[in-house]
Amino acid sequence: MHVGVGSPASGRVSRSVDPGAARRWAVAGAVFVVGESALRLYWIAGGRWAYTACDRTALVDPAGGCGADRVRTLPFWAGWGAVGVGVALAVVIGFAIRAPGRAASAASWAVGAFLLVVAFPLHLLFEVPAAVAGRPSDWRDLGARLALAAGGVLFAGLANASAPRRGPASGDYQPVPRWTRRWAYAAVALPVVGWAVPHGLWVLGVPFGISERKLDEIHLNLSTETGVAITLIPPLAGLLVLGLARRWGQQFPRWVPGLGGRRVPRLLAVIPAGVVALALVSYGVLSVAVFVGRLRTGELQWSEVGESWATSATLLVFLGWGVALGVTTSGYALATRPRRPHDVCLPSEQADPLPRSEYR
């Protein structure tokens, strides 16, 4: 006969929630919500610190917030709308503390995904290296996006802590399926072939897939240092995807000081990869939708697309890159998921002496 590890009588495995961990994540999430709400109330009251009025399509004086101090009427979603969202997030936190379980975990995951999508980390992937290279940047916008991304991570942690535990994770290396490795290679190759190669040629002055006029515009708006940074960052970041298909993505290499040989926290790999995949797919879908809409309205002509086909193909590169990264992340998550304790088979001579009626 088989007896469950959790409850001998029922054969069910105990799936309790760690209240201490859930409470710590809830407190961190509450600090984020209070901070964001307080900032919005400050803006509503007339203050403009950390507020930006910059339009992403035309940055004028980004270092000064594009005249944020002169804004008299605060947009709804920057003010009371954001405060209302903060109240909803506070309700989710309270729900996760008072009634932890599947429902609370699902609500926290939904909030985390929402915050990460709003943060749009793909923008940070390009804007931060450009700012480091010296390009004028809107620090208010970058800071706000980083804060939202941090809030998304906090709610993801709350979701994980408030979910029923499935058993201990295996400390051994868990090989990922073959299809995961193939998708990982695709996720590494796409930013190299579809992004680094054409942008590298443009930096060198080669009009690959674009017109001479477009190339002149690129060199006019981007310095060489910024162009190099934007060209190299995505493929270098893409190399990290290999960790989702290799041993060093589950166990720190032995040469890493203080961590060598230890297991890589599962969420440390899954959350960032999932966030970037979500951002890439969102950007790809939205960009393709805008592209198709401009073609339908006649704002963009097919002759222009043919003249600068490389820039149009970049939209599909982002979409394919996001899909490949998302599938790879799913394979990693499946391979490293916590294992449920197996039933223990007792020999016949060690059978439980309870009457047969007790097992009904």
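See above for the structure.
So, the overall build of the protein chain
- Counting secondary structure elements, the protein chain contains 11 helices and 2 strands.
- Helices and strands in the protein chain line up, N terminus first, as β-α-α-α-α-α-α-α-α-α-α-α-β.
- The buried share among the 360 residues of the protein chain stands at 38%.
- In the protein chain, of all internal contacts separated by at least 6 residues, the share reaching a separation of at least 24 is 76%.
- By element, 65% of the accessible surface of the protein chain is carried by carbon and sulfur atoms, the whole surface being about 20300 Å².

Remarks on a nonpolar patch on the surface
- On the surface, L41, F76, W77 and W80 cluster together into a nonpolar patch covering about 530 Å² of accessible area.
- With respect to the secondary-structure elements, L41 resides in helix α1 (residues 19-44).
- Assessed through its relative accessible area of 41%, L41 is described here as partly exposed.

Considering the packing of aromatic side chains
- For the coordinates displayed, the defined rule picks out 7 aromatic pairs.
- On the basis of an interplanar angle of 55° and a centroid distance of 5.5 Å, the ring pair of W195 and F318 is categorised as tilted. A residue pair is termed long-range when its members are at least 10 positions apart, and W195 in helix α6 (residues 178-203) and F318 in helix α11 (residues 309-336) qualify at 123 residues.
- A relative accessible area of 10% means that W195 is categorised as buried.
- Residue class for F318 comes out buried when judged on its relative accessible area of 5%.
- Note on F318 and W321: the rings are 6.5 Å apart at their centroids and 20° apart in plane angle, and the pair reads as stacked. With F318 and W321 both in helix α11 and 3 residues apart, the pair spans about one turn of that helix. Both residues of the pair, F318 and W321, count as buried.
- Each residue in the set W195, Y283, F318 and W321 is aromatic and connected to the rest through ring pairs, giving one cluster.

About the cut-offs
- Residues numbered from 1 in each chain as written.
- Predicted model: local features only at pLDDT ≥ 70, side-chain atom pairs only at ≥ 80, totals over all residues.
- Heavy atoms only, no water.
- Helix = DSSP H or I, 4+ residues; strand = E, 2+ residues; numbered from the N terminus.
- Buried < 20%, exposed > 50% of the residue type's maximum accessible area, 1.4 Å probe, protein only.
- Contact = heavy atoms within 4.5 Å.
- Areas by Shrake-Rupley, 256 points an atom, 1.4 Å probe, with all protein chains shown as cover.
- Patch = residues over 30% accessible without salt bridge, like charges linked within 9 Å, V, L, I, M, F, W, Y side chains within 5 Å.
- Salt bridge = Lys/Arg side-chain N within 4 Å of Asp/Glu carboxyl O.
- Phe/Tyr/Trp six-rings, centres within 6.5 Å; stacked < 30°, edge-to-face > 60°.

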